Amino acid sequence: MANQPASNAARAAASGDQADLALAAELAAGNIQALEILYERYARPIFSLALRILGNEADAEEVMQDVLERVWRYSGSFDAQRGRFGSWVLGMTHHVAIDAVRKRSRRPQAVDAEASELMLGLISDPNQPDMTDQAIQHEQAGQVRDALRSLPEAQQQAIELAFFRGLSHLEIAATTGEPLGTVKTRIRRGMERLRTVLSKTGVFND
């Protein structure tokens, strides 16, 4: 019974992935109705991530509209072999939001697929209308947040500054007063620990 939540989460994730693959195909085919599904499924997660990075609702709304337009325009470039559709969308959101932050004299921090998975869990917005799937999605989000909070404070701070405040490694070093090499190590080890913890729960699949 102990493994049941993890297996349920894995099944829900697989179901969501299949729905997203179908959505990506419809968008790439130019189906205008797919835009409505895209909005219903991802408008809130996009807005939530943008707001977390920018801290301003008006700017987050602008980023959300920009990202939805980009997803529609570039949906044909999505490659399921390289990661989940949700991670691709949120990776694009991160890029656009950080580009807005850069206009405030900050430099963007690169984001990889694993970091996008982390963001997807942190902002918690269920893809499926079924209440059971919603509960599982919220459970996953809680597991991600708990895993992040379980990190040593220094690692948690470095990850949040990099991926949610748009600071480069050099800027984090200046902000925290730590050597650049220490900052890079903390981020790498923090992400490795998150992956290890979350793989056990089914949030990340090895």
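This text follows the structure it describes.
Throughout what follows, the structure given in this document is the object of discussion. Keep in mind the model is a prediction, meaning the values are calculated, not measured.

1. A few points about the overall build of the protein chain
Piece 1. Counting secondary structure elements, the protein chain contains nine helices and zero strands.
Piece 2. In the protein chain, the succession of helices and strands from N to C terminus is α-α-α-α-α-α-α-α-α.
Piece 3. A burial count over the protein chain gives 44% of its 206 residues as buried.
Piece 4. If you take every contact in the protein chain between residues at least 6 apart in sequence, the share linking residues at least 24 apart comes to 65%.
Piece 5. Entry remark: accessible area of the protein chain is about 10,800 Å², with carbon and sulfur atoms responsible for 49%.

2. A short note on the packing of helix α2 (residues 33-54) against helix α7 (residues 153-164)
Piece 1. Where α2 contacts α7, the axes come no closer than 9 Å and their chain directions differ by 110°. Between α2 and α7, the angle falls in the class roughly perpendicular. Only E160, F163 and F164 of α7 make contact with α2, whose side of the interface consists of L49, R52 and I53.
Piece 2. When its residues are assigned to classes, the contact of α2 with α7 shows four nonpolar, no polar and two charged.

3. What about helix α3 (residues 57-74)?
Along an α-helix, residues three or four apart share an orientation, since each turn contains 3.6 residues.
Piece 1. With 18 residues, α3 should cover 26 Å at 1.5 Å per step; its first-to-last C-alpha distance of 25 Å lies within 8% of that length.
Piece 2. Of the positions making up α3, those classed as buried are A60, V63, M64, V67, L68 and V71. Projected onto a plane normal to the axis of α3, the buried residues spread over an arc of 135° and lie on a single side. What points out from α3, more than 90 degrees from its buried face, is the exposed set A58 and E62.
Piece 3. The backbone nitrogen of A58 lies 3.0 Å from a side-chain oxygen of the residue at the head of α3, namely N56.

4. Let's talk about the pattern of salt bridges
Piece 1. What the rule picks out here adds up to five salt bridges.
Piece 2. The partner of E178 in a salt bridge is R186, with the nearest N and O atoms 3.6 Å apart.

5. Thoughts on the nonpolar core
The tendency in soluble globular proteins is for nonpolar side chains to be buried as a group.
Piece 1. Residues L38, V67, V71, F85 and I187 are the most contacted members of the largest nonpolar core, which totals 46 residues.
Piece 2. Sorting the residues of this core by element identifies α1 (4-28), α2, α3, α4 (85-102), α6 (131-150), α7, α8 (169-176) and α9 (180-199) as the ones contributing at least two each.
Piece 3. Both of domain 1 (4-127) and domain 2 (150-206) provide at least three residues apiece to this core.
Piece 4. F85 has contacts with D20, L23, A24, L27, L38, Y42, V71 and F78, leaving out every residue within four places of it along the chain.

6. Some remarks on empty space enclosed by the protein
Piece 1. All told, the structure shown has one cavity of 30 Å³ or more when counted by the stated rule.
Piece 2. As for the largest cavity, its lining consists of A154, Q157, A158, I172, T176, V183 and R186.
Piece 3. When residues of the lining of the largest cavity are traced back to their parent elements, those giving at least two are α7, α8 and α9.
Piece 4. No other element matches the three residues that α7 contributes to the lining of the largest cavity.

7. Side note on the environment of R186
Piece 1. Positionally, R186 belongs in helix α9.
Piece 2. For R186, a relative accessible area of 21% puts it in the partly exposed group.
Piece 3. Residues R186 and A154, 32 residues apart in the sequence, show an inter-C-alpha distance of 7.2 Å.
Piece 4. Those residues in contact with R186 that lie beyond four places of it in its chain are A154, Q155, A158 and E178.

Here is what the cut-offs are and how they apply
Residues numbered from 1 in each chain as written. Predicted model: local features only at pLDDT ≥ 70, side-chain atom pairs only at ≥ 80, totals over all residues. Heavy atoms only, no water. Helix = DSSP H or I, 4+ residues; strand = E, 2+ residues; numbered from the N terminus. Buried < 20%, exposed > 50% of the residue type's maximum accessible area, 1.4 Å probe, protein only. Contact = heavy atoms within 4.5 Å. Areas by Shrake-Rupley, 256 points an atom, 1.4 Å probe, with all protein chains shown as cover. Axes fitted to C-alpha atoms, helices over the stretch in contact; angles between N-to-C directions. Parallel < 35°, antiparallel > 145°, perpendicular 65-115°, else oblique. Nonpolar A, V, L, I, M, F, W, Y, C, P; charged D, E, K, R; others polar. Expected span 1.5 Å × (residues − 1). Arc of directions from axis to C-beta. Polar contact = N/O pair within 3.5 Å; in protein donor to acceptor, adjacent residues only side chain to side chain. Salt bridge = Lys/Arg side-chain N within 4 Å of Asp/Glu carboxyl O. Core = buried A, V, L, I, M, F, W, Y, C linked by side-chain atoms within 4.5 Å. Domains from an automatic or database assignment. 1 Å grid on protein atoms, 1.4 Å probe; cavity = no way out; pocket = protein on both sides within 12 Å on 5 of 7 lines; lining within 4 Å. Points joined across faces, edges and corners; volume = space filled by probe spheres on them.

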